[in-house]
Amino acid sequence: MVVIAEERPGGDELLALYRDVGWTAYTRDPETLVAAVLGSHLVLTARDTTGSLVGMVRTVSDGVTIVYVQDVLVAPEHHRAGIGGALLDGVLERYAHVRQTVLTTDAEPGQRAFYESRGFVEVHDVVPTPLRSFVLLR
């Protein structure tokens, strides 16, 4: 069982999770990583029954018109357990009133399928309207 909660994890936990997923661009400068997470609009964590941090998502937003899903991380040993989906669903629920949800991700087919299953489309698949800009939208 995993518990999803709104919280800001400590620096050591953040570094461990980002290292586990191989995001070394973040771990090279731990102080910047901690500052970025502290400055995020929303941070949701996933913790296992022992209380260990096994996943996290964070957003950058004005809270009204746009939200950027900045990072979705799940420790490799917990992949395919529904944790990433639960974290992203938590974000989408909290920002249901926001007009644009934007994220950038790798072109890897598995990641694309994951995000498409939550309603995201590539920017070139979006028909522009006055309320939409050319970004990856949901």
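Everything discussed here concerns the structure shown above.
Throughout what follows, the structure given in this document is the object of discussion. (Residues numbered from 1 in each chain as written. Predicted model: local features only at pLDDT ≥ 70, side-chain atom pairs only at ≥ 80, totals over all residues. Heavy atoms only, no water.)

1. Observations regarding the pattern of salt bridges
Pairing between side chains of opposite charge can happen when their charged atoms approach one another. For the structure shown, the criterion picks out seven salt bridges. Put simply, glutamate 6 and arginine 94 hold a salt bridge, and the shortest N to O gap is 3.7 Å. With a gap of 88 residues between them, glutamate 6 in strand E1 (residues 3-6) and arginine 94 in helix H4 (residues 83-94) connect regions that are remote in the sequence. The class for arginine 94 is partly exposed, based on a relative accessible area of 38%. Across the pair arginine 58 and aspartate 71 runs a salt bridge, and its minimum N-O distance is 2.8 Å. Here the residue arginine 58 occupies a position in strand E3 (residues 53-61), and aspartate 71 occupies one in strand E4 (residues 66-74), the gap between them amounting to 13 residues. One salt-bridge network, held together by shared partners, links Glu7, Glu13 and Arg47. (Salt bridge = Lys/Arg side-chain N within 4 Å of Asp/Glu carboxyl O. Helix = DSSP H or I, 4+ residues; strand = E, 2+ residues; numbered from the N terminus. Buried < 20%, exposed > 50% of the residue type's maximum accessible area, 1.4 Å probe, protein only.)

2. Examining helix H1 (residues 11-20)
Within H1 the residues assigned to the buried category are Leu14, Leu15, Leu17 and Tyr18. In an axial view of H1, the angular spread of the buried residues amounts to 165°, which keeps them on one side of the axis. Turned more than 90 degrees off the buried face of H1, the exposed positions are Asp12 and Arg19. Two residues or fewer past H1, glycine 22 is found with a positive phi of approximately 80°. (Arc of directions from axis to C-beta.)

3. Digging into the packing of aromatic side chains
Counted according to the given criterion, the structure contains five aromatic pairs. Centre to centre, the rings of tryptophan 23 and tyrosine 26 are 5.8 Å apart; their planes meet at 25°, and the pair counts as stacked. Ring plane angle 85° and centroid distance 5.9 Å describe the contact between tyrosine 115 and phenylalanine 120, whose orientation is recorded as edge-to-face. Judged by relative accessible area, tyrosine 115 falls into the buried class, the value being 11%. The rings of Tyr18, Trp23 and Tyr26 are connected pair by pair, giving a single aromatic cluster. (Phe/Tyr/Trp six-rings, centres within 6.5 Å; stacked < 30°, edge-to-face > 60°.)

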